[in-house]
Structures are given as C-alpha cells and as structure tokens.
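# Structural overview for review
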Amino acid sequence: MLKSFRGVQILRSNAVLDSFIKFRQFKYNFAISRKFNDSASLKSDAKRETNANTLPKGFKRFWKTATFNSVPEGYLINLDKRILKLTNGTPLVLSHKQKILAALIAAEWEAQESTLKPHALPLTSLVFRGREGLTEPAERERVISLLLRYFQTDSIFFYSEFPNVLVNLQKECWIPIVEWAKTTFKIDITTYDEIVINQKQPEQSVNKLKTLLESFSPPKLAALEKAVIVSKSFLIGLALIERHITVDQAAKAARIETLAQAEFWGSFENVHELDDHLTKQDLAAAVCTIMEL
C-alpha cells in the first residue's frame, strides 16, 4: 500500500488518498483559512509596532563582544562599551529577577555573525515589543481584540474522526488543554466535529478571557501574542504562557496536522525538523521573556 521514494511515502490506494484529501478539504479548510487571516492581522500589528527596532538589511556587526552587567536598577546589555537601548533612546534595563533573560539576550547578540539577522533576535524583539508597543492603551486594546478572535475560531475546537493518527493526536494534545481552560478559568467552550459558519464561543467566556488579558502586564501580553501567532491557537498559547504545558508540548499541539500528514506522506528530510526547531525557538522565546530567575 505504501511505497517509499526519496523519504516520501506515496499512497497507492486511490481510495485512501481520496479519503485523505476529502478529510483535509472538508474538515479543516474553513477553520484554517480563518486562522491564517487572524494570524496575518496579528503579525501585521506586531510588525508595525516593532519596525523601529528592526535592523536594516545588510546591517553589519560593529561590536566584538556582547555582555550583560548588574547596575542598581537591574541588568544592562552591553555591545562592547555601548548599552543596548530601546527605540526611544532609553537603555534597556531588566529587573534583578531577570538575570537569565539578560544572559540570553546578550547571548543572541553575541551569536550574530558579520551581517546581522533580525529573525535571530527573538528575545530582543519580544522585549522591545513589551516595553514599547504594548504600553500604549490603544495598541493593547487592539491586540486583545485580535487575540480573542483567535479564541472564537481556535483550531483546537474542531475535531475529526479520520485519520486515526490525527484523532489520537487531538485526544492527546488538544482535549486536555480545552479541559484545563474550562476548569481553570471557569468558562464554557463549544467544540465542533463539523464545519460551522460564523461559529462563536459563549459571550460570558469571551468576557472572562478579556478580563484576564487586560490584567496582563505588557511583557506578558507580548509573550502571549507571540505564542498565539506561532501556535495559531489562543488556548495553546495561553496554556504555555500560564505554564500549564511545556514548550515541547505546545509545539506538538501546534503541529499535529503536520505530524498526521507525515504519517501518510512521510517526512521531508530537514524540512519538518527545521519547522519544529523554529516553532520551539519562538515559543521558548515567549516563555523566557516573562520568567524570573
């Protein structure tokens, strides 16, 4: 039934192939299209607010060493004798409870090569986002609204009866998160096993989560925003930021469709591994920016 060719498993059975394609189109296309639209909105807002600290193309490394040091106010990041500053010109000062974060930010600057790669500075980008972009009330309100749209159409509310590997992954990775959210925040959540147009979650649940997000500090809201963008799921991102699940668990929950497809088609060498690595890198960055150690 299955034939291996250059690492890709080819389905010989037309019946199985047709069922798989039908499953993919019928069960998830609508939900995924909505999810990517919301993702594009969040990414657009985040990019607009962090453009000031986005390095220009071809920006050259000008320092020999990146370090951090303690001052009465907390920790500073040093590029040789220069202090890393926010876009408004004030020094980036991390609290005394964020020594590990300071070390990690210094490390990602130290790891830059001759030409800087802004995407390789996930911690710096997130810290800037929390210190500047999400300190403005209007921006906080906009981001919270977009995050709640993710909750309304969260992909982990949509379940399938086929294929078995996907069903099992949903039971393992998604259902426990949904049950945790119901219990922890005392909310009702509606799940679906079929396509529903204009689906909505209970208004009371949305309002409770809105109140929760409004209580988040700017750094924590920035971390949640990043986790939701990367996982394409409000509840996966929230469970990670609230320390209910680990980075590995969040990455797996975010990629169960890819994992299920790999069972049918096989893994493309290096491609799936790279996707997994980048997902974990960005999710870990979100967690690291709010830990206090």
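This structure is a prediction, so every number in the text was calculated from the model and none was measured.

## Comments concerning the packing of aromatic side chains
Each aromatic ring pair is characterised by the separation of its centres together with the angle its planes make. In this structure the tally under the stated criterion is eight aromatic pairs. Linked through ring pairs, Phe62, Trp63 and Trp109 together constitute an aromatic cluster.

## Describing the confidence of the model for the protein chain
Mean pLDDT over the protein chain stands at 83; residues scoring 70 or higher make up 78%. Across residues 1-36 the pLDDT falls below 50, and counting only partners more than four positions away or on other chains, this stretch makes 70 contacts in the model. A low-confidence stretch, residues 45-53 (pLDDT under 50), is modelled with 19 contacts involving residues beyond four sequence positions or located in other chains.

## Structural notes on the pairing of strand β3 (residues 66-71)
The sheet contact formed by β3 and strand β4 (residues 74-79) spans six bridges and is antiparallel. Its bridge partner being in β4, Ser70 is matched across the sheet by Tyr75. Once β3 ends, the chain turns through two residues before running back antiparallel as β4.

## Some thoughts on the pairing of β4
Burial analysis of β4 places six of its six residues in the buried class, the great majority of the element. Pairing analysis gives two bridges linking β4 to strand β6 (residues 93-94), with the strands arranged antiparallel. Each residue of the ladder has a partner; that of Tyr75, found in β6, is Leu94. Looking at chain direction, β4 and strand β5 (residues 82-83) are connected through two bridges and run antiparallel. Bridge assignment links Asn78 to a residue of β5, and that residue is Ile83. Joining the antiparallel neighbours β4 and β5 is a turn of two residues, in which Asp80 adopts a positive phi near 60 degrees.

Cut-offs applied
- Residues numbered from 1 in each chain as written.
- Predicted model: local features only at pLDDT ≥ 70, side-chain atom pairs only at ≥ 80, totals over all residues.
- Heavy atoms only, no water.
- Phe/Tyr/Trp six-rings, centres within 6.5 Å; stacked < 30°, edge-to-face > 60°.
- pLDDT = per-residue confidence, 0-100.
- Contact = heavy atoms within 4.5 Å.
- Pairing = 2+ DSSP bridges.
- Helix = DSSP H or I, 4+ residues; strand = E, 2+ residues; numbered from the N terminus.
- Buried < 20%, exposed > 50% of the residue type's maximum accessible area, 1.4 Å probe, protein only.

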